[in-house]
Amino acid sequence: MGQASTRSVALVGLHPQLVDIEAAAVPGDAELYLVGLPETSVWPARARIRAAILNSGTAWPDARITVSVSPVIPPVYDAAADLALAVAVLAATGVIPPERIAGRVFLGELALDGGIRPVRGVLPMVRAAVRAGLSRVVVPAECAREAAQVPGAVVMPVTRLADVVDQLRHGTLRDHHDQEPESEFALSSSFAVDLADVPGNQAARHALEVCAAGGHHLFLSGEGPATMLAERLPGILPPLTDEAARQVADIYSLAGRLDGAPGSTPPLSAPHHTATAAAIFGSVAGNRPGAVSLAHRGVLHLADAPEFTRPVLDGLCRPLDSGQVHLTERGRSVRYPARFTLVLDARPCPCLEQRECACTPEAQRRYRARLALLLSRVAVRAPVEWGDCGARAGESSAAVAARVLAARVRAAHRLADTPWRTNAEVPAPDLRTRFPVAPEAAELLRSAVNTGLVTADGLARLLRVAWTLADLRGADRPQLDDAAGALELWKGADGDGAR
Ligand SMILES: [Zn+2]
């Protein structure tokens with residue numbers, strides 16, 4: 001009979017929380033008490049630990065065992081602590097030497113047969129452990145590569161509880177040495193696509209460039225290569241800073257999709273229109289971020305946007321306005337970051353029969369009206385079209401990216417003393433007071449408001465785009481042409497944005 005302690009990590013949203021796990025065994029009935037786990041987790045955790053230990057060839061200890069977790073793990077996603085709980089039980093009852101688990105971090109969910117299942121979010125959890133000076137981490141074998149990406153981590157991969165017990169008893173639990181340490185974000189880049197592949201569509205290409213330069217949202221209307229254009233937006237955005245790339249990798253890790261993380265390229269997230277609200281926004285149960293968070297610091301593309309459900313379309317306004325999602329379910333809540341550039345596209349009407357369309361103007365209007373709330377937040381609109389496939393190849397992504405970067409640097413310089421980095425982020429009052437445009441430009445935009453073409457809210461969006469056009473020209477402030485250009489981009493081709 002004895003005592004043992006070890007460590008694990010819990011995640012709430014993206015926030016890792018190191019936990020102490022202490023076990024004490026005293027003579028008594030063979031019972032296991034878990035303290036500090038959320039109430040709903042206690043029974044399943046106890047069942048997994050008991051079954052896994054029994055299926056690992058170890059007799060259940062004839063002792064009254066209490067395992068306490070502190071601080072209390074919030075009720076979000078706690079199965080990652082299973083392995084730590086099990087080794088604490090075995091160390092307190094003398095099956096394994098307690099000193100061999102102290103100072104180590106154990107991550108892994110137990111299967112009933114004693115297998116160790118992979119867990120999501122290993123990257124942020126291991127990073128938190130290393131930051132706290134706990135560099136020796138025991139992780140499920142499937143997660144070893146991911147854990148090894150954290151500089152300084154000494155990773156021990158394991159597959160079965162029986163092996164862990166055996167190796168801890170014999171002092172043979174080995175570090176993960178058979179693999180070269182990988183650079184932290186040398187992950188697949190899926191953006192081997194180039195703007196030069198998109199024929200024609202000059203207006204849409206220009207709109208895409210403006211959105212990249214200023215961080216504005218984009219609406220593409222009509223039948224055309226909208227998806228091709230959206231897929232090429234990450235490639236013309238400036239690469240992510242190291243810190244942003246880390247945050248994006250953490251989100252992909254938590255989603256269990258680190259292999260799809262974009263490295264230093266801003267991510268592209270393009271959910272299908274049949275996706276559920278949970279797939280789009282994430283879910284508290286299981287601590288799982290959704291498509292909007294997989295787009296964080298990158299691009300969210302909604303193809304055939306009016307086909308998405310109403311709760312999804314209207315629900316997107318929240319992250320667009322706040323840069324995050326806040327989910328609450330049965331008293332539990334998490335937040336995930338979700339600051340992205342939105343690209344929407346829509347066909348003119350709900351039918352697929354472009355040539356023999358019999359939709360009434362009213363049906364078409366209703367179809368587009370589904371986007372009204374979102375479109376009120378979109379500053380740039382452009383038409384797309386098929387048809388000019390014979391058109392000359394357009395500029396390459398590299399050429400456009402260079403102009404985008406120059407414009408971003410110009411904006412960042414101007415905004416250096418502010419919390420904002422792109423024109424799209426500047427609040428309306430500051431646009432008026434701190435960043436005046438040329439008088440002729442102001443005059444043109446005022447008249448657009450006076451004639452009812454643009455609302456007062458819309459005016460701020462026009463000013464932001466005018467600033468981006470000035471930045472792209474390398475000018476000090478927006479002139480008449482920039483204001484006119486912003487107005488054109490606001491209206492789009494068919495004027496349907498004009499509200
Ligand atoms: Zn139709």
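Cut-off values and rules
- Residues numbered from 1 in each chain as written.
- Predicted model: local features only at pLDDT ≥ 70, side-chain atom pairs only at ≥ 80, totals over all residues.
- Heavy atoms only, no water.
- Helix = DSSP H or I, 4+ residues; strand = E, 2+ residues; numbered from the N terminus.
- Buried < 20%, exposed > 50% of the residue type's maximum accessible area, 1.4 Å probe, protein only.
- Contact = heavy atoms within 4.5 Å.
- Axes fitted to C-alpha atoms, helices over the stretch in contact; angles between N-to-C directions.
- Parallel < 35°, antiparallel > 145°, perpendicular 65-115°, else oblique.
- Nonpolar A, V, L, I, M, F, W, Y, C, P; charged D, E, K, R; others polar.
- Salt bridge = Lys/Arg side-chain N within 4 Å of Asp/Glu carboxyl O.
- Expected span 1.5 Å × (residues − 1).
- Arc of directions from axis to C-beta.
- pLDDT = per-residue confidence, 0-100.
- Left-handed = near helix turned anticlockwise from the far one by under 90°.

### Details of the environment of P271
Next, step 1: Position of P271 among the secondary structure elements: in the loop between β11 (268-269) and α9 (277-281).
Next, step 2: Take P271: its relative accessible area is 15%, and that puts it in the buried class.
Next, step 3: Counting along the chain gives 85 residues from P271 to E356, while the straight-line C-alpha distance between them is 29 Å.
Next, step 4: Apart from residues no more than four positions distant in its own chain, P271 is found in contact with I280, A291, L300, H301, L302 and F308.

### Focus: the environment of A144
Next, step 1: With respect to the element layout, A144 can be found in helix α4 (residues 144-147).
Next, step 2: Considering only alpha carbons, one finds A144 and V155, 11 residues apart in sequence, at a separation of 6.6 Å.

### Overview of the packing of helix α6 (residues 202-214) against helix α18 (residues 456-473)
Next, step 1: For the pair α6 and α18, the least separation of the axes is 9 Å and the interaxial angle reads 95 degrees. Between α6 and α18, the crossing angle belongs to the class labelled roughly perpendicular. Contacts between α6 and α18 involve H206, E209, V210, A213 and G214 on the former and, on the latter, V465, T468, L469 and L472.
Next, step 2: Taken together, the residues that form the contact of α6 with α18 break down as 5 nonpolar, 3 polar and 1 charged.

### A few points about the pattern of salt bridges
Oppositely charged side chains can form a pair if their charged atoms are brought close together.
Next, step 1: Inspection of the entire model under this criterion finds 23 salt bridges.
Next, step 2: Among the ionic pairs, R310 bridges to D314, the shortest N-O distance being 3.5 Å. Linking R310 with D314, this pair stays in helix α11 (residues 310-315), spanning 4 residues, or about one helical turn.
Next, step 3: The residue E395 makes a salt bridge to R403 at a minimum N-O spacing of 2.8 Å.
Next, step 4: Given a relative accessible area of 37%, E395 falls into the partly exposed group.
Next, step 5: Where salt bridges share partners, they join D197, E231 and R232 into one cluster.

### Quick word on helix α19 (residues 480-491)
Next, step 1: Here α19 is 12 residues long and its end C-alpha atoms lie 17 Å apart, about the 16 Å a rise of 1.5 Å per residue gives.
Next, step 2: All of the buried residues along α19 are D482, A483, A486, L487, L489 and W490. What you see down the axis of α19 is that its buried residues fit within an arc of 165 degrees, all on one side.
Next, step 3: Close packing links the buried residues of α19 with α6, β18 (380-383), α17 (439-450) and α18.
Next, step 4: Phi for G492, located one or two positions after α19, is positive at around 70 degrees.

### Topic: the confidence of the model for the chain
Next, step 1: With 93% of its residues at a pLDDT of 70 or more, the chain has an overall mean of 89.
Next, step 2: This model gives residues 178-191 a pLDDT under 50, and the stretch forms 26 contacts once residues within four places in sequence are excluded.
Next, step 3: Confidence drops under a pLDDT of 50 for residues 495-499, and excluding neighbours within four residues, the segment shows 15 contacts in the predicted structure.

### Thoughts on the packing of α6 against helix α15 (residues 397-414)
Next, step 1: One way to put it is that α6 packs onto α15 with a least axis distance of 8 Å and a crossing angle of 40 degrees. For the pair α6 and α15, the crossing hand works out as right-handed. When α6 is examined against α15, the residues E209, A212 and A213 are found in contact with a partner set consisting of V400, R403, V404, A407 and R408.
Next, step 2: By residue class, the composition of the contact of α6 with α15 is 5 nonpolar, no polar and 3 charged.

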